[in-house]
Amino acid sequence: MKAPVRVAVTGAAGQIGYALLFRIASGEMLGKDQPVILQLLDLPQAQAAVKGVMMELEDCAFPLLAGMVASDDPNVAFKDADYAILVGARPRSKGMERKDLLEANGAIFTVQGKALNDHASRNVKVLVVGNPANTNAYIAMKSAPDLPAKNFTAMLRLDHNRALSQLAAKTGKAVADIENMAVWGNHSPTMYADYRFATIGGESVKQMINDDVWNSDVFLPTVGKRGAAIIEARGLSSAASAANAAIDHIHDWALGTNGKWVTMGIPSDGSYGIPEGVMFGFPVTCANGEYTIVQGLEIDEFSRGRINVTLNELEEERAGVAHLLG
Ligand code: NAD
Ligand code: LMR
């Protein structure tokens, strides 16, 4: 058996936390041979609920659960963390856009970025789920100057998975057979879900569908506005599918994708003309605990237009939080 790793999860008493923690403890995220110590952060008023979740985790008798810590102090919860999944934030309600959460949630990520900087493992892998996820991840990264910027990521995997399911339904093929899907940009309705390179059994998905109007009028709005559609239907924002995407994101980052493309929000290295440091969704492959941007993809005029829209939105969000970063 491997030595345990420390997984910090914020917002542990929330809906995503409830859908996430049991799967981490059962080994679905880091493998069935990897013991984990859960370090759970939530607000002071949520500590009783966190205790309840810990009681249920105990009652599962997970063989891989090597310990648990609960705290309302990020300096405690992030101590020596190998992984940090930052979920804790206010979700939006009907009628709000994710960027409406900037003020409410942005401040959380300066404090937590600093706590990671001061207390986490130097190799900590950070995933920001709390919205607006890209900009919160950017704030955390900028608040942690002693940690490698590349260790900070934002969740676009839910958008990637949503796109795969829509394509499977349209083509009548299995999700598992779709390769080379990409989602560019912000986790917001401006994201650009791009299936131009996608294949099923070696055949082009774009040619199979052969309908640009479906792409622009049905597929892109369906994927882009799926979060709002779920809030409308459920009265609450997505939780189980968000937790599932977080598991997928960390699993693939830590254990590799075997050449398969996945989407991660990562600080740009300048690829595809995205200014360095912008927290942007890119198609990546993962191996040996590192992600690599898929290079050499042709960006046609339609795609460049879409990428510019989502980039502009991220630049605006970044300007909107500049005051938090001093
Ligand atoms: P929730 O309200 O059920 O739970 C949030 C939890 O975070 C609560 O327990 C709350 O007490 C806690 N919290 C608030 N501020 C905190 C802080 N400063 N430190 C630690 N904990 C804190 O919300 P939820 O449905 O679990 O959603 C959480 C976040 O995830 C929201 O911002 C939501 O918009 C976002 N989200 C993102 C994606 C994505 O794809 N990136 C998908 C779904 C939801
Ligand atoms: C989602 O995409 O489901 C989440 O980001 C929640 C939201 O506010 O849309």
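Look above for the structure.
The structure contained in this document is the topic of the report that follows. Given the structure is predicted, the values throughout are model-derived calculations rather than measurements. For every chain, the first residue of the written sequence is number 1, and numbering continues from 1 along that sequence. As they are written, the chains are lettered A onward and the ligands numbered 1 onward, keeping that order. Two thresholds apply to this predicted model, a pLDDT of at least 70 for residue-level local features and 80 or more for giving and counting side-chain atom pairs, whereas whole-chain, interface and lining totals are computed over all residues. Think of the side-chain values as coming from all heavy atoms in the structure, minus any hydrogens and water.

### Brief notes about unusual backbone geometry
Thought 1: With an omega dihedral of -10°, the bond running from asparagine 131 to proline 132 counts as a cis peptide bond.
Thought 2: Tracing the sequence through the fold places proline 132 in the loop between strand 5 (125-128) and helix 5 (133-142).
Thought 3: Although it is not a glycine, asparagine 210 adopts a positive phi angle of roughly 50°.
Thought 4: As for its placement among the helices and strands, asparagine 210 is situated in the loop between helix 7 (205-209) and helix 8 (212-224). Here a helix means four or more residues in a row that DSSP labels H or I, a strand means two or more in a row labelled E, and each is numbered from the N terminus.

### Re the nonpolar core
Thought 1: Val7, Ile24, Ile85, Trp184 and Phe219 are the most contacted members of the largest nonpolar core, which totals 79 residues.
Thought 2: Take this core: its biggest share by element is eight residues, from helix 10 (residues 240-255).
Thought 3: Note that the domain bounds reflect an automated or database-derived domain assignment. Mapping this core onto the domain boundaries places at least three of its residues in each of domain 1 (5-154) and domain 2 (156-321).
Thought 4: Listed in part, the 27 residues of the second largest apolar core include Leu41, Ala77, Ala120 and Met141. Remark: nonpolar core denotes a set of buried residues (Ala, Val, Leu, Ile, Met, Phe, Trp, Tyr, Cys) joined through side-chain atoms within 4.5 Å. Only protein chains enter the accessibility calculation, which uses a 1.4 Å probe; a residue whose area is less than 20% of its type maximum is buried, one above 50% is exposed, and one in between is partly exposed.

### Looking at the pattern of salt bridges
Thought 1: Whenever a carboxyl oxygen of Asp or Glu lies within 4 Å of a side-chain nitrogen of Lys or Arg, that contact is scored as a salt bridge. Evaluated as defined, the whole model comprises 12 salt bridges.
Thought 2: When the shortest N-O distance is used, the salt bridge between lysine 79 and aspartate 80 registers 3.5 Å.
Thought 3: A salt bridge links lysine 206 to aspartate 212; its shortest N-O distance comes to 3.1 Å.
Thought 4: Owing to a relative accessible area of 34%, lysine 206 belongs among the partly exposed residues under this scheme.
Thought 5: Sharing partners across several salt bridges, the network here consists of Asp194, Arg196 and Asp300.

### Some details on the site of ligand 2
Thought 1: Residues are counted as near a molecule or strand when any one of their heavy atoms sits within 4 Å of it. Taken together, Arg92, Arg98, Asn131, Leu158, Arg162, His187, Gly227, Ile231, Ser237 and Ser238 make up all the residues around ligand 2.
Thought 2: Polar contacts here mean pairs of N or O atoms no more than 3.5 Å apart (in protein, one a potential hydrogen donor and the other a potential acceptor; neighbouring residues in sequence count only if both atoms are side-chain atoms). Within the contact set of ligand 2, an oxygen atom lies 2.5 Å away from a side-chain nitrogen or oxygen of arginine 92.
Thought 3: Here arginine 162 contributes a side-chain N or O atom positioned 2.7 Å from an oxygen atom of ligand 2.
Thought 4: Surface accessibility in these figures is a Shrake-Rupley result with a 1.4 Å probe; residues are shielded only by whichever protein chains are displayed. Within the complex, the protein chains bury 95% of what would otherwise be the 260 Å² of accessible surface of ligand 2.
Thought 5: Definitions used for this entry: grid spacing 1 Å over protein atoms alone; cavity, a set of points where a 1.4 Å probe fits but cannot get out; pocket, an open set with protein on both sides within 12 Å along at least 5 of 7 lines; lining residue, one with an atom within 4 Å of a point. Molecule-in-pocket calls rest on the fraction of atoms, with more than half required to lie within 2 Å of the cavity or pocket grid points. Of the pockets mapped on this structure, ligand 2 occupies the largest pocket.
Thought 6: When residues of the shell around ligand 2 are traced back to their parent elements, those giving at least two are helix 6 (157-171) and helix 9 (226-234).

### Observations concerning the site of ligand 1
Thought 1: Contacts to ligand 1 come from 25 residues, most closely from Gln15, Ile16, Asp42, Val129 and Asn131.
Thought 2: A distance of 3.3 Å separates a nitrogen atom of ligand 1 from a polar side-chain atom of glutamine 112.
Thought 3: For ligand 1, the accessible surface in isolation is 870 Å², of which the surrounding protein chains cover 86%.
Thought 4: Listing elements by their share of the shell around ligand 1, those giving two or more residues are helix 1 (15-25) and helix 4 (102-119).
Thought 5: Asp, Glu, Lys and Arg are counted as charged, while Ala, Val, Leu, Ile, Met, Phe, Trp, Tyr, Cys and Pro are counted as nonpolar; the rest, among them Gly, fall into the polar class. Looking at side-chain class alone, the shell around ligand 1 contains 13 nonpolar, 10 polar and two charged residues.
Thought 6: Shared between two domains, the shell around ligand 1 takes at least three residues from each, and those domains are domain 1 (5-154) and domain 2 (156-321).

### Brief notes about the packing of aromatic side chains
Thought 1: Each Phe, Tyr or Trp ring (for Trp, its six-membered ring) is paired with any other whose centre lies within 6.5 Å, and the angle between the two planes then decides the class: stacked below 30 degrees, edge-to-face above 60, tilted in between. Summed over the entire model, instances satisfying the criterion amount to 10 aromatic pairs.
Thought 2: On the numbers, 6.2 Å between centres and 50° between planes, the contact of phenylalanine 197 with tryptophan 261 is tilted. Pair noted here: phenylalanine 197 is in the loop between strand 9 (192-194) and strand 10 (199-200) and tryptophan 261 is in the loop between helix 10 and strand 12 (262-267), with a separation of 64 residues, a long-range link.
Thought 3: By the ring-pair criterion, three or more aromatic residues cluster together here, those being Trp184, Tyr272, Phe280 and Phe282.

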